[in-house]
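# Examining the three-dimensional arrangement
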Amino acid sequence: MTLNPQSRTAAPLAVMAGGAVGALVRLLAGLSATASAWSVPLHPAVPVLAVNVLGSWAIGVVAARWPRPPAWLTTGVLGGFTTFSGWVLDVARLWPDRPVAAVLLGVGTPALTVLGCALGLRMGEGR
Amino acid sequence: MTLLVVVIAAGAAGLGSAVRWAVLIWVRRRGLPGGTAWVNVPASAVAGLVVGVTGADRLTDMELLAADTAALPWAAWAVLGLCGGLSTWSSLALEMATALRDRDHRAVVMAAVGTVTGLVVGAVALIVGASA
């Protein structure tokens, strides 16, 4: 049996697999970036921000290259890789002790992800 | 054991991604406004509640993954996995970037309202969960 990712039954499975792979990379990136083995471990909000900006850039490239990008890649891999709820929690957890950092993350994430996506769209169009 | 928690969380994120795919197709077919807010707002609400109820708001994501108490792996799977996979920034950034490029002011406002709503709902859910 061959699985055609465009078929009705295989599409959700392909999205599920893609989302799991994207999330696995997100979690491993977070673990490695904040590992105490580093001389200066990063704040956990930093890898989440980096993941969201990188994923937003990538979806721009993909959307510009393909008129109908495959769901396993955009909705799956890139959707599972990036996280909105993670950003919300990071802002909420920073707020009590580091309100300035919380506001910077709150405003910076939308700004940088949209800029990253716009850059990706331009690069994908080959301009 | 952290790696096992990570792998299960990734599996839960796959499930969340499939749910997001189904919800967003439904939203598009019905011609409803809001786009990714349909998944981002509920994902933020659930994530905030779980983190608040389990007292994990004092823990970082990675402490959550490494925690060896019985309740916290479930919090990691629900928050970092299911909610992390259900929610997305990449599609939201694409909605915003294309709306700005096309000067679609209504879509820009909708995306901004959805983003702020998710932030407020998630923060309120965390406070409610923590005080419950």
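The notes below deal with the structure included here. Not measured: the values here are computed from a predicted model. Here the residue index of a chain counts from 1 through its sequence in written order. Each chain gets a letter, beginning with A, and each ligand a number, beginning with 1, in the order they are written. Residue-level local features of this predicted model are given only where pLDDT is at least 70; pairs of side-chain atoms are given and counted only at 80 or more, and the full residue set underlies all totals for whole chains, interfaces and linings. As a rule here, side-chain values cover all heavy atoms of the structure and leave hydrogens and water aside.

Runs of H or I in DSSP of at least four residues are treated as helices and runs of E of at least two as strands, each being numbered from the N terminus. Along chain B, the regular secondary structure elements total 6 helices and 0 strands. Across its three principal axes, chain B shows a C-alpha extent of roughly 50 × 30 × 25 Å. Across the 132 residues of chain B, 47% fall into the buried class. Looking at chain B as shown, the accessible area adds up to about 6,300 Å², and 72% of this sits on carbon and sulfur atoms. Of the side chains in chain B, 8 bear a positive and 7 a negative charge, and the two mean positions are spaced by 15 Å. When accessible area is computed with a 1.4 Å probe and restricted to protein chains, residues below 20% of their type maximum are described as buried, those above 50% as exposed, and intermediate ones as partly exposed. Exposure was quantified through the Shrake-Rupley algorithm and a 1.4 Å probe, taking into account, for residues, occlusion by the shown protein chains and nothing else. Under the counting rule used here, the positive set is Lys and Arg, the negative set is Asp and Glu, and His together with the chain ends is not counted. Charged groups are reduced to one reference atom each: NZ for lysine, CZ for arginine, CG for aspartic acid, CD for glutamic acid.

We now examine the interface of chain B and chain A. Residue contacts follow a heavy-atom distance rule, with two residues in contact if any of their heavy atoms lie within 4.5 Å. On the side of chain A, 50 residues touch chain B, which itself brings 54 residues to the contact. Buried area, as used here, totals the accessible surface that two parts lose on assembly, with accessibility defined by a 1.4 Å probe and the loss added over both. Taking both sides of the interface into account, the surface hidden between chain B and chain A amounts to around 3,700 Å²; carbon and sulfur atoms contribute 74%. Any carboxyl oxygen of Asp or Glu that lies within 4 Å of a side-chain nitrogen of Lys or Arg is treated as forming a salt bridge with it. On the surface where chain B and chain A come into contact, there are 1 salt bridge. In this structure, Arg101(B) and Glu125(A) form a salt bridge, with 3.8 Å as the shortest nitrogen-oxygen distance. Between N or O atoms, a polar contact is any pair within 3.5 Å; within protein, one atom must be a potential hydrogen donor and the other a potential acceptor, and residues adjacent in sequence are included only when both atoms are from side chains. Connecting chain B to chain A are 11 residue pairs in polar contact (both at pLDDT 80 or more).

Here the focus is the pattern of salt bridges. Two side chains of opposite charge can pair, provided their charged atoms sit close to one another. A full pass over the atoms with the stated rule returns 3 salt bridges over all chains. What emerges from the salt-bridge pattern is a single network uniting Glu125(A), Arg101(B) and Asp102(B).

Let us look at unusual backbone geometry. Phi angles above zero are rare outside glycine, and Arg103(B) is one such case at about 55°. Here Arg103(B) shows up in the loop between helix 5 (90-101) and helix 6 (105-131).

The subject of this paragraph is the packing of helix 2 (residues 45-65) of chain A against helix 5 (residues 99-125) of chain A. All names here are of chain A. At their nearest, the axes of helix 2 and helix 5 sit 7 Å apart, and the two run at 30° to each other. Compared by their axis directions, helix 2 and helix 5 come out roughly parallel. In this structure, helix 2 meets helix 5 at a crossing whose hand is right-handed. Mapping the contact onto sequence places Ala 45, Leu 49, Asn 52, Val 53, Ser 56, Trp 57, Ile 59, Gly 60, Val 61, Ala 63, Ala 64 and Arg 65 in helix 2 and Leu 105, Thr 109, Leu 112, Thr 113, Gly 116, Cys 117, Leu 119, Gly 120, Leu 121, Met 123, Gly 124 and Glu 125 in helix 5. Between N-to-C directions, angles cover 0 to 180 degrees, with each direction set by a line fitted to C-alpha atoms, over the stretch in contact for helices. Oblique is the label for any angle not covered by the other classes, which are roughly parallel (under 35 degrees), roughly antiparallel (over 145) and roughly perpendicular (65 to 115). Here a crossing is called left-handed whenever its near helix is offset anticlockwise from the far helix by less than a right angle, and right-handed whenever the offset is clockwise.

The next thing to look at is the environment of Asp90(A). Relative to the elements of secondary structure, Asp90(A) occurs in helix 4 (residues 84-94). Residue Asp90(A) is classed as buried on the basis of its relative accessible area, which comes to 5%. When the C-alpha atoms of Asp90(A) and Met16(A) are compared, they prove to be 25 Å apart, with 74 residues separating the residues in sequence. In this structure, Asp90(A) is in contact with Pro44(A), Ala45(A), Val48(A), Leu105(A) and Asp61(B), ignoring residues within four places of it in sequence.

On to the side chain of Thr82(A). Locating Thr82(A) in the fold gives a position in the loop between helix 3 (71-81) and helix 4. For Thr82(A), a relative accessible area of 0% translates into the label buried. For Thr82(A), the side chain forms a polar contact with the main-chain oxygen of Leu78(A), separated by 2.9 Å. Here the side chain of Thr82(A) touches Thr88(B) through a polar contact of 3.3 Å, side chain to side chain. Every residue in contact with Thr82(A), bar those within four places of it in the chain, is listed here: Arg26(A), Val51(A), Asn52(A), Gly55(A), Ser56(A), Gly84(B), Ser87(B), Thr88(B), Trp89(B) and Ser90(B).

We call a set of buried Ala, Val, Leu, Ile, Met, Phe, Trp, Tyr and Cys residues a nonpolar core when their side-chain atoms join them within 4.5 Å. Counting residues in hydrophobic clusters, the biggest one holds 24 residues, and the most contacted among them are Leu64(B), Leu65(B) and Leu80(B). Of all the secondary-structure elements, those providing two or more residues to this core are helix 4 of chain A together with helix 1 (2-30), helix 2 (37-53), helix 3 (61-66) and helix 4 (71-86) of chain B. For this core, the element with the most residues is helix 4 of chain B, which contributes 8 residues. If near-sequence neighbours (up to four positions away) are discounted, Leu65(B) is found in contact with Leu27(A), Leu31(A), Thr2(B), Val5(B), Val6(B), Ala76(B) and Leu80(B).

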